[in-house]
Number of protein chains: 2
Amino acid sequence: MTEFTQNQKEVFMREALKEAQKSLAKEEIPIGCVIVKNGQVIGRGHNAREELNQAIMHAEIMAINQANQAEGNWRLLDTILFVTIEPCVMCSGAIGLARIPQVIYGAPNQKFGAAGSLYDILSDQRLNHRVQVEAGVLEADCARIMQDFFRKRREKKSQPNLSRT
Amino acid sequence: MTEFTQNQKEVFMREALKEAQKSLAKEEIPIGCVIVKNGQVIGRGHNAREELNQAIMHAEIMAINQANQAEGNWRLLDTILFVTIEPCVMCSGAIGLARIPQVIYGAPNQKFGAAGSLYDILSDQRLNHRVQVEAGVLEADCARIMQDFFRKRREKKSQPNLSRT
């Protein structure tokens, strides 16, 4: 298991936040992810469901695909996945299937999180792969970008559409 | 909700079994899937993890991607997903995210199934999408292709490697 200092963890979480900004620029739910091996980023991803019309295209999935391609291997041993928001059911399943040993996330997701909130998929003793999970790195920054996005979306929806009057 | 006769269900499960045969031909775990809308197959998929070096490339994921592309939409409303084996955690999550309303599978997966065996993700009242699930269509055929695959793999492993002697 790779041991990073708090500062190193924040450096990589800032890379994940840069990815989340890419989603934000496309008016997608702003979640970003990087996968790190030997101190290098080998996969990056951001939520691009609307842009690509792909239901599965969460930040973690894009990053896992990219890391698989970089490694020429579906197994991502000796890697750490950094993601701004707690992974959902699909992404938690994918993390296990990719044999990623360690996940660090920023803010919890009370509605859809499957790494401790709704489910604890990554620690399930019945599955054949268990993942060490740490929460709370740059939590406030990771949560804020989501809150800003949803507040703006609500404001937009509640505005009268003047172009139709 | 689309209501199919038993015969119609078996026709589509045979299409899923044809997909599983594609995995088998590549020595991959033989699971296949089709997604049907208005009586037409709009997405097909087979497990291709080893071939593509992609941890996420289960039959359901390949079929969802293809159906998303065919529809130009990440939402697969009014579709039915047929899969030879009970979906895992990742695929059950993906089915919900794609808003697929109905899943029919062949044989259960006691070790990894998340549509009733280990988890019941598709019926979870806390998630924002629930899926009608039916099991057991062509169960024996769907189970047999898996059993044959794993038996052959065990036999291969236990054979002495004569080329080395």
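Residues numbered from 1 in each chain as written. Chains lettered and ligands numbered in written order. Predicted model: local features only at pLDDT ≥ 70, side-chain atom pairs only at ≥ 80, totals over all residues. Heavy atoms only, no water.

1. Let's talk about the pattern of salt bridges
Residue and element names in this part refer to chain A.
Stage number 1. Under the definition given, this model contains 28 salt bridges over all chains.
Stage number 2. Residue Lys18 pairs with Glu15 through a salt bridge whose shortest N-O separation is 2.8 Å. Taken together, the positions of Lys18 and Glu15, both in helix H1 (residues 6–25) and three residues apart, correspond to about one turn of that helix.
Stage number 3. You can call Lys18 partly exposed: its relative accessible area is 48%.
Stage number 4. Glu15 sits in the buried class, given a relative accessible area of 19%.
Stage number 5. The partner of Arg126 in a salt bridge is Asp124, with the nearest N and O atoms 2.8 Å apart.
Stage number 6. Looking at Arg126, the relative accessible area reads 46%, which means it is partly exposed.
Stage number 7. Residue Asp124 is classed as buried on the basis of its relative accessible area, which comes to 9%. (Salt bridge = Lys/Arg side-chain N within 4 Å of Asp/Glu carboxyl O. Helix = DSSP H or I, 4+ residues; strand = E, 2+ residues; numbered from the N terminus. Buried < 20%, exposed > 50% of the residue type's maximum accessible area, 1.4 Å probe, protein only.)

2. Comments concerning the interface of chain A and chain B
Stage number 1. On the chain B side, the residues contacting the 31 residues of chain A number 31 residues.
Stage number 2. Counting the surface lost from both chain A and chain B, the interface buries some 2,800 Å², and carbon and sulfur atoms represent 64% of this.
Stage number 3. Put simply, chain A and chain B have zero salt bridges between them.
Stage number 4. In this structure, the connection of chain A to chain B is made through 12 residue pairs in polar contact (both at pLDDT 80 or more).
Stage number 5. Those elements that provide at least two residues to the side of chain A that touches chain B are helix H2 (49–52), helix H3 (59–71) and helix H4 (89–97) of chain A.
Stage number 6. Per-element accounting of the side of chain A that touches chain B gives the leading share, five residues, to H4 of chain A. (Contact = heavy atoms within 4.5 Å. Buried area = accessible area lost by both parts, 1.4 Å probe. Polar contact = N/O pair within 3.5 Å; in protein donor to acceptor, adjacent residues only side chain to side chain.)

3. Some details on the relation of the copies chain A and chain B
Stage number 1. Overlaying chain A on chain B yields an RMSD of 0.0 Å, the required transformation being a rotation through 180° with an accompanying axial translation of 0.0 Å. Taken together, the turn and the small shift mark the pair as related by a two-fold rotation axis. For chain A, the smallest separation between a C-alpha atom and the rotation axis is recorded for Met90 of chain A, amounting to 2.0 Å.
Stage number 2. Same-surface contact between copies: 100% of interface residues of chain A are shared with the interface of chain B. (Least-squares fit on C-alpha atoms with pLDDT ≥ 70 in both.)

4. A closer look at the sheet that holds strand E1 (residues 32–37) of chain B
Remark on secondary structure: sheet strands pair via backbone hydrogen bonds, oriented parallel or antiparallel.
Residues and elements named next belong to chain B.
Stage number 1. Within the open sheet, the five strands sit side by side as E2-E1-E3-E4-E5. Their pairing is mixed. A single partner strand is all that each edge strand has here, and the edge strands are strand E2 (40–46) and strand E5 (132–135). This sheet shows a mean twist of 15° between the axes of neighbouring strands, independent of strand direction.
Stage number 2. Two strands pair when backbone bridges link them, and strand E3 (residues 80–85) and strand E4 (residues 102–107) are joined in this way by five bridges, in the parallel orientation. Counterpart to Ile80 in the pairing with E4 is Gln102.
Stage number 3. Lying on the sheet, helix H3 (residues 59–71) is in contact with E1, E2 and E3; it crosses E2 at an angle near 145°. (Pairing = 2+ DSSP bridges. Axes fitted to C-alpha atoms, helices over the stretch in contact; angles between N-to-C directions.)

5. Focus: the side chain of Arg99 of chain A
Stage number 1. Relative to the elements of secondary structure, Arg99 of chain A occurs in the loop between H4 and strand E4 (102–107).
Stage number 2. Within polar-contact distance, the side chain of Arg99 of chain A engages the backbone oxygen of Leu97 of chain A at 3.3 Å.
Stage number 3. Among all residues touching Arg99 of chain A, those that are not within four sequence positions of it are Trp74, Arg75, Leu76, Leu77, Asn128 and His129 of chain A together with Arg49 of chain B.

6. Quick notes on the sheet that holds strand E5 (residues 132–135) of chain A
Residues and elements named next belong to chain A.
Stage number 1. With respect to topology, five strands assemble into an open sheet ordered E2-E1-E3-E4-E5, the strand pairing being mixed. The open sheet is flanked by strand E2 (40–46) and E5, the only strands paired with a single partner. Ignoring which end each strand starts from, the neighbouring axes of this sheet average 15° apart.
Stage number 2. Relative to E2, H3 is tilted by about 145°, and along the sheet it contacts strand E1 (32–37), E2 and strand E3 (80–85).
Stage number 3. Sheet contacts for helix H5 (residues 139–158): E3 and E4; angle to E4, the most-contacted strand, approximately 60°.

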